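Residue-level structural notes
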Amino acid sequence: MRIKLIITANGPDRKGIVSEISSIIGHHNCNIETSKMVRLENEFSMLILIEAEKTTKKSLYLDLKKIKDLKFELIETKKNYDIIYENKFHLYINGADNEGIVYQFSNYLSKMNINIEEINTDIKNAPVSATPLFMMDVIIGSKKKINEKKIIIELNKIAEKLGVEVELKTIK
């Protein structure tokens, strides 16, 4: 029986980590379906969704644990057929880097019953002044029809308080 596993890996960054992990996954005849991998400062972090035979879960985990200096976790999950969004949006936020930006926007979205599917944040220096600029790229969705005009008004109120700009685009 085929199952879905989420693999998380964290540890000091070095070359060859992705190759080692993907080799072990392939050796166990598993299929990588979705992955996110990133170096944060000197640390490497990975999140992978794979499909595997149920009987390989334990041996896969034991082989992954042999990789030096990395911590692994395997979580069995199942495909979620319930998530069908009435509305799906791409929310862009950028501007001055201030504490609380992620919290303020995510808290508002939660109160509006809007689900966050993915968030990517980054800080880059402005070209001329080298002032730190915060950028947040968010994929959001709602099972219920939402009033897009009302949402953008409220998002702009939050943005004004935080010194950032927002842009909301419908994903079709």
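The present account deals with the structure reproduced in this document.

Some remarks on the pairing of strand 2 (residues 31-40)
- Both strand 2 and strand 3 (residues 43-53) contribute to a ladder of 9 bridges, which runs antiparallel. Each residue of the ladder has a partner; that of Val38, found in strand 3, is Ser45.
- Two successive antiparallel strands, strand 2 and strand 3, enclose a turn made up of 2 residues, where Glu41 displays a positive phi of approximately 55°.

Some words on the sheet that holds strand 6 (residues 115-125)
- What the 4 strands build is an open sheet, ordered 6-7-5-8; its pairing is antiparallel. The outermost strands of the open sheet, each flanked by one partner alone, are strand 6 and strand 8 (164-170). Recorded for the sheet is a direction-independent mean angle of 15° between the axes of neighbouring strands.
- The pairing of strand 5 (residues 87-96) with strand 7 (residues 132-142) spans 10 bridges and is classified as antiparallel. Opposite Ala96, over in strand 7, you have Leu133 as the bridge partner.
- Sheet strands in contact with helix 3 (residues 101-111) are strand 5, strand 6, strand 7 and strand 8, and its direction is about 15° off that of strand 7.
- Across the sheet, helix 4 (residues 148-162) touches strand 5 and strand 8, and the angle it forms with strand 8 is around 160°.

Looking at the environment of Lys169
- Tracing the backbone shows Lys169 in strand 8.
- It is 8.4 Å that separates the C-alpha atoms of Lys169 and Tyr92, two residues lying 77 residues apart in sequence.
- Beyond its immediate sequence surroundings of up to four residues, Lys169 is in contact with Lys88, Phe89, His90 and Tyr92.
- Looking at Lys169, its side chain comes within polar contact range of the side chain of Glu167, at 3.5 Å.

Concerning the sheet that holds strand 2
- Read from one edge to the other, the open sheet built from 4 strands follows the order 2-3-1-4, with strand pairing classed as antiparallel. Lying at the two open borders of the sheet, with one neighbouring strand each, are strand 2 and strand 4 (71-77). Here the average twist between neighbouring strands, direction ignored, is 15°.
- As judged from the 7 bridges shared by strand 1 (residues 2-12) and strand 4, these two strands associate in the antiparallel manner.

Parameters and conventions
- Residues numbered from 1 in each chain as written.
- Predicted model: local features only at pLDDT ≥ 70, side-chain atom pairs only at ≥ 80, totals over all residues.
- Heavy atoms only, no water.
- Pairing = 2+ DSSP bridges.
- Helix = DSSP H or I, 4+ residues; strand = E, 2+ residues; numbered from the N terminus.
- Axes fitted to C-alpha atoms, helices over the stretch in contact; angles between N-to-C directions.
- Contact = heavy atoms within 4.5 Å.
- Polar contact = N/O pair within 3.5 Å; in protein donor to acceptor, adjacent residues only side chain to side chain.

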